[in-house]
Amino acid sequence: MHYAQRIPVLMYHRVGEPDHAHDIYCIRPDRFAAQMRSLSKNGYSAVSIEDFDAWRHGTKSLPPGAFVLTFDDGFTGVRDYAAPILQKMGWPATVFLVTGKLGGDSNWQVTTDQPMRPHRLMDQAQLLELLEQGFSLHSHSVNHHDLTMLDEAELLKDLIESRENIAGLSGKPAAYLAYPYGRNDDRVRDLTKRAGYVAAFSVESGFNRPDGDDFRIRRLDVFGTDTPAMLLRKIRLGCNDGRLSSLVRYYARRLLKKS
Ligand SMILES: [Zn+2]
């Protein structure tokens, strides 16, 4: 029997209709479905964030092909489009929620080349449906501020409050945090630990291994423009570049190492 030695975590944001051609942080529902089918056909299967954590701490083994699905921000499209697809496959997923904005809009500052319009975020009733389906809900902070910019008191308040807000939904304080914009530093990581989180998710690409930093878990950014073939390359190589040239470079490097 073989076990997973390294596990990729996929990061999605919005599911629905992109605002414009460069809105890579939104994936159309049919493309999301095609990506999931292709992962399944190629031997991949999603595991819960809790099982992933147990694997990282050596208390659980997971099969090869195990990966984790995460959605940042909590957009309504996760429930409307992604959840029915995942339910059919029996795959769990995690949503990192901006707990001060449930049922509101994603009206925080976005830092991409082209502005993205605010979109509706899931409310409590919608989130309870997801919980019933087997989703895990964790924290993406209270207000989606860049945590490195907050002073110590503000930062601790935000981290503790968002954990407790999650407890108001799921009955348990959030164990995991996804840093807004992926922004973190020594101080943020230290206070995240002090606030009671078990682990935190970054936007640094790569695979996760059991001996990795609990507060810098790596994730692969999945774009709305990624075809199923591109996503397969990303998840095989552990990088955000799903183009064919990236695969060619990877094998060229391996050949060079062997010779
Ligand atoms: Zn976010």
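This structure is a prediction, so every number in the text was calculated from the model and none was measured.

Undergrad: Got a minute to help me understand the nonpolar core in this structure?
TA: Note that soluble globular proteins tend to have their nonpolar side chains buried in a common cluster. Of all hydrophobic cores here, the largest spans 48 residues; its most connected members are Leu-10, Tyr-12, Leu-39, Leu-69 and Phe-71. With residues up to four places along the chain from it excluded, the contact list for Phe-71 reads Tyr-12, His-13, Val-15, Phe-32, Val-78, Ala-82, Leu-86, Ala-93, Thr-94, Val-95, Phe-96 and Phe-135. Residues Val-68, Ala-178, Phe-201 and Ile-217 belong to the second largest nonpolar core, which totals 17 residues.

Undergrad: Teacher, can you tell me more about the side chain of Ser-48 here?
TA: Mapped onto the secondary structure, Ser-48 falls in the loop between β4 (45-46) and α2 (49-56). Looking at Ser-48, its side chain comes within polar contact range of the main-chain nitrogen of Asp-51, at 3.1 Å.

Undergrad: What is the right way to look at the coordination of the zinc ion in this model?
TA: Think of it this way: four donors in a tetrahedron around the metal ideally sit 109.5 degrees apart, and six in an octahedron ideally sit 90 or 180 degrees apart. For the zinc ion, the full set of protein donor atoms is Asp-73 (OD), His-140 (NE2) and His-144 (NE2), and the range of their distances to it is 2.1 to 2.2 Å. In the primary sequence, the donor residues of the zinc ion line up as D-x66-H-x3-H. Taken together, the residues Asp-73 in strand β5 (residues 66-73) and His-140 in the loop between β7 (136-139) and α5 (152-170) connect sequence positions 67 residues apart. Summarising the burial analysis for this pair, Asp-73 and His-140 share the class buried.

Undergrad: Where do I start with unusual backbone geometry in this structure?
TA: Leave glycine aside and you will find that most residues have negative phi; peptide bonds, for their part, are mostly trans. Located in the positive-phi region is Ser-141, a residue other than glycine, with phi close to 80°. The residue Tyr-181 is not glycine, and still its phi comes out positive at about 60°. By the element assignment, Tyr-181 lies in the loop between β8 (176-178) and α6 (186-194).

Undergrad: What exactly am I supposed to notice about the environment of His-2 here?
TA: By the secondary structure assignment, His-2 is in the segment before β1 (9-12). Taking the C-alpha atoms as reference points, His-2 and Pro-63, 61 residues apart in sequence, are found 6.7 Å from one another. Beyond its immediate sequence surroundings of up to four residues, His-2 is in contact with Pro-63 and Pro-64.

Undergrad: I'm lost on the environment of Asn-184 in this one. Help?
TA: Tracing the sequence through the fold places Asn-184 in the loop between β8 and α6. Considered as a pair, Asn-184 and Leu-147 are 37 residues apart in the sequence and their alpha carbons are 6.7 Å apart. Those residues in contact with Asn-184, other than ones at most four positions away along the chain, are Thr-148, Tyr-179, Arg-189, Ser-202 and Arg-216. Looking at Asn-184, its side chain comes within polar contact range of the main-chain oxygen of Gly-182, at 3.0 Å. A distance of 2.5 Å separates the side chain of Asn-184 from the side chain of Arg-189, its partner in a polar contact.

Rules used throughout
- Residues numbered from 1 in each chain as written.
- Predicted model: local features only at pLDDT ≥ 70, side-chain atom pairs only at ≥ 80, totals over all residues.
- Heavy atoms only, no water.
- Core = buried A, V, L, I, M, F, W, Y, C linked by side-chain atoms within 4.5 Å.
- Buried < 20%, exposed > 50% of the residue type's maximum accessible area, 1.4 Å probe, protein only.
- Contact = heavy atoms within 4.5 Å.
- Helix = DSSP H or I, 4+ residues; strand = E, 2+ residues; numbered from the N terminus.
- Polar contact = N/O pair within 3.5 Å; in protein donor to acceptor, adjacent residues only side chain to side chain.
- Donors = N, O, S within 2.8 Å, 3.2 Å for Na, K, Ca; no water.

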